[in-house]
Amino acid sequence: AQTVTQSQPEMSVQEAETVTLSCTYDTSESNYYLFWYKQPPSRQMILVIRQEAYKQQNATENRFSVNFQKAAKSFSLKISDSQLGDTAMYFCASSSGTYKYIFGTGTRLKVLA
Amino acid sequence: DTAVSQTPKYLVTQMGNDKSIKCEQNLGHDTMYWYKQDSKKFLKIMFSYNNKELIINETVPNRFSPKSPDKAHLNLHINSLELGDSAVYFCASSQESTGATGNTIYFGEGSWLTVV
């Protein structure tokens, strides 16, 4: 079975600081993909970053980067220089060969001015 | 220019009614989905269609019936609405095919259904 676990329901960070959101996953597939999605108060789900499991290099996207530890099945998201607009729910997700994207329970991030 | 659009955005209806949510994607994707997000923000897959064929049905009550007239559209019809159906329903799409999964999934803005 494919599972995604986010153990931090809520986090807060001061503006301009760095914050790391945790995610662990489990899958029996050898070929899979991992994602972080952001859901601001507008409800729109927005892709933040994507990682291919067979790539050892951690994905980065401007201020967003991941720490992908394949053996530990860990996929954390680091947000550098946090901005007020980063306030949102963040969902970790995995995808394997079954046309199915599984999402974690989300972490509510609040950036404080 | 909206990639995945769904209507209506908000829907308030009484228990027992039947309602539909429509979804269209203009990305040329082969696969479309319906997800349900409850009040605790849990995002759970309901259905997945690939080229108009049902691929995934995640033990959703029979009152929920998806219909895909073509690969660009996936509508969700709900019969005999119950209070517990109140949620945000997200339509999504991705370019998937056998052996080539993992492409980015694109979401619509969500349809907020309230059953009273």
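Up top you'll find the structure we're talking about.
Residues numbered from 1 in each chain as written. Chains lettered and ligands numbered in written order. Predicted model: local features only at pLDDT ≥ 70, side-chain atom pairs only at ≥ 80, totals over all residues. Heavy atoms only, no water.

## With respect to the overall build of chain A
Note the following rule: We count a stretch as a helix when DSSP gives it H or I for four or more residues in a row; a strand needs E for two or more, and each element gets its number in order from the N terminus. In this description the radius of gyration comes from C-alpha coordinates, and the expected globular size is given by 2.2 Å times residues to the power 0.38. We call a residue buried when its accessible area falls under 20% of the maximum for its residue type, exposed when it is over 50%, and partly exposed in between, using a 1.4 Å probe and counting protein chains only. Two residues form a contact once any of their heavy atoms are found within 4.5 Å. Residues scored as charged are limited to Lys and Arg (positive) and Asp and Glu (negative), so that His and the chain ends carry no count. Where a charge sits is defined by one atom per residue type, namely NZ (Lys), CZ (Arg), CG (Asp) or CD (Glu).
Looking only at helices and strands, one finds zero helices and 12 strands in chain A. Walking chain A from its N terminus toward its C terminus, one meets helices and strands in the order β-β-β-β-β-β-β-β-β-β-β-β. Against the 2.2 N^0.38 benchmark of 13 Å for 113 residues, chain A shows a C-alpha radius of gyration of 13 Å, consistent with a compact globule. In terms of overall dimensions, chain A has a C-alpha envelope of 40 × 25 × 20 Å along the principal axes. Considering chain A as a whole, with its 113 residues, one finds that 51% of them fall into the buried category. In chain A, of all internal contacts separated by at least 6 residues, the share reaching a separation of at least 24 is 54%. Distance between charge centres in chain A, computed from 11 positive and 9 negative side chains, equals 5 Å.

## Some remarks on the sheet that holds strand 1 (residues 4-7) of chain B
Backbone hydrogen bonds hold the strands of a sheet together, and the pairing may be parallel or antiparallel. Residues and elements named next belong to chain B. Applied cut-off: By the convention used here, strands pair only if DSSP detects at least 2 bridges between them. Axis geometry follows a simple rule: fit a line to the C-alpha atoms, using only the stretch in contact for helices, then measure angles between N-to-C directions, giving values from 0 to 180 degrees.
The strand order across the open sheet built from four strands is 1-3-8-7, with neighbouring strands paired in antiparallel fashion. One side of each edge strand has no neighbouring strand; the edge strands of this open sheet are strand 1 and strand 7 (64-70). In this sheet, neighbouring strand axes are inclined to one another by 15 degrees on average, regardless of whether the strands run parallel or antiparallel. Relative to strand 8 (residues 73-78), strand 3 (residues 19-25) runs antiparallel, the two sharing four bridges.

## Observations concerning the packing of aromatic side chains
Each pair of aromatic rings is reported with the distance of its centres and the angle of its planes. To keep things clear, this is the line we draw: Only Phe, Tyr and Trp rings are paired, with Trp represented by its six-membered ring, and only when their centres lie within 6.5 Å; those with planes under 30 degrees apart are stacked, over 60 edge-to-face, the remainder tilted.
What the rule picks out here adds up to 15 aromatic pairs over all chains. The interplanar angle of 85 degrees and the centroid separation of 5.6 Å between the aromatic rings of A:Tyr101 and B:Tyr33 together place this pair among those described as edge-to-face. In this pair, A:Tyr101 sits in strand 11 (residues 100-103) while B:Tyr33 sits in strand 4 (residues 31-37), so the two residues belong to two different chains. Take A:Tyr101 and B:Tyr33: they sit in the same class, and that class is buried. Among the aromatic residues, ring-to-ring pairing joins A:Phe35, A:Tyr37, A:Tyr101, A:Phe103, B:Tyr33, B:Tyr35, B:Phe90 and B:Phe107 into one connected group.

## Details of the interface of chain A and chain B
Inclusion rule: Buried area counts how much accessible surface, traced with a 1.4 Å probe, disappears from two parts once they are put together, with both parts' losses summed. The salt bridge definition used is simple: a Lys or Arg side-chain nitrogen within 4 Å of an Asp or Glu carboxyl oxygen. Polar contact criterion, stated in full: a pair of N or O atoms within 3.5 Å, where within protein one must be able to donate a hydrogen and the other to accept it, and residues adjacent in sequence count only if both atoms are side-chain atoms. Under the scheme applied, nonpolar residues are Ala, Val, Leu, Ile, Met, Phe, Trp, Tyr, Cys and Pro; charged residues are Asp, Glu, Lys and Arg; polar residues are all the others, including Gly.
At the junction of the two partners, chain A supplies 21 residues and chain B supplies 32 residues. Roughly 2200 Å² is buried in total at the junction of chain A and chain B, and carbon and sulfur atoms are behind 55% of that figure. Summed over the shared surface of chain A and chain B, the result is zero salt bridges. At the boundary of chain A and chain B, one finds seven residue pairs in polar contact (both at pLDDT 80 or more). Only strand 5 (33-39), strand 6 (46-52), strand 10 (88-96) and strand 11 of chain A provide two or more residues apiece to the side of chain A that touches chain B. Residues belonging to the side of chain A that touches chain B are distributed by class as follows: 10 nonpolar, seven polar and four charged.

## Here's the deal with the pairing of strand 9 (residues 87-94) of chain B
All names here are of chain B. A large share of strand 9 lies buried, amounting to eight of its eight residues. Side chains Ala87, Tyr89, Cys91 and Ser93 of strand 9 all project onto a buried face; the interleaved residues Val88, Phe90, Ala92 and Ser94 project onto the opposite face, where all are buried too. Pairing of strand 9 with strand 11 (residues 111-115), which is carried by three bridges, proceeds in the antiparallel orientation. Looking across to strand 11, one finds that tyrosine 89 is bridged to serine 111. Pairing of strand 9 with strand 10 (residues 106-107) involves two bridges; the strand directions are antiparallel. Bridge assignment links serine 93 to a residue of strand 10, and that residue is tyrosine 106.

## Some remarks on the pattern of salt bridges
Taken as a whole and judged by the stated rule, the model has eight salt bridges over all chains. One salt-bridge network, in which partners are shared between bridges, spans A:Arg50, A:Glu52 and A:Lys55.

## Overview of the environment of B:His29
Residues and elements named next belong to chain B. Its location among the elements puts histidine 29 in the loop between strand 3 and strand 4. Histidine 29 sits in the buried class, given a relative accessible area of 8%. Taking the C-alpha atoms as reference, histidine 29 lies 12 Å from phenylalanine 107; in sequence the two are 78 residues apart. Once residues within four sequence positions are removed from consideration, histidine 29 is found in contact with Lys71, Ser93, Ser94, Gln95 and Tyr106.

## Examining unusual backbone geometry
Negative phi is the rule for most residues except glycine; trans is the rule for most peptide bonds. Residues and elements named next belong to chain B. Of note, the bond from threonine 7 into proline 8 is cis; its omega dihedral lies within 30 degrees of zero at 0 degrees. In this structure, proline 8 sits in the loop between strand 1 and strand 2 (10-13). With a phi close to 75 degrees, lysine 41 is a non-glycine residue in the positive phi region. Its location among the elements puts lysine 41 in the loop between strand 4 and strand 5 (43-50). The class of lysine 41 is partly exposed, set by a relative accessible area of 25%.

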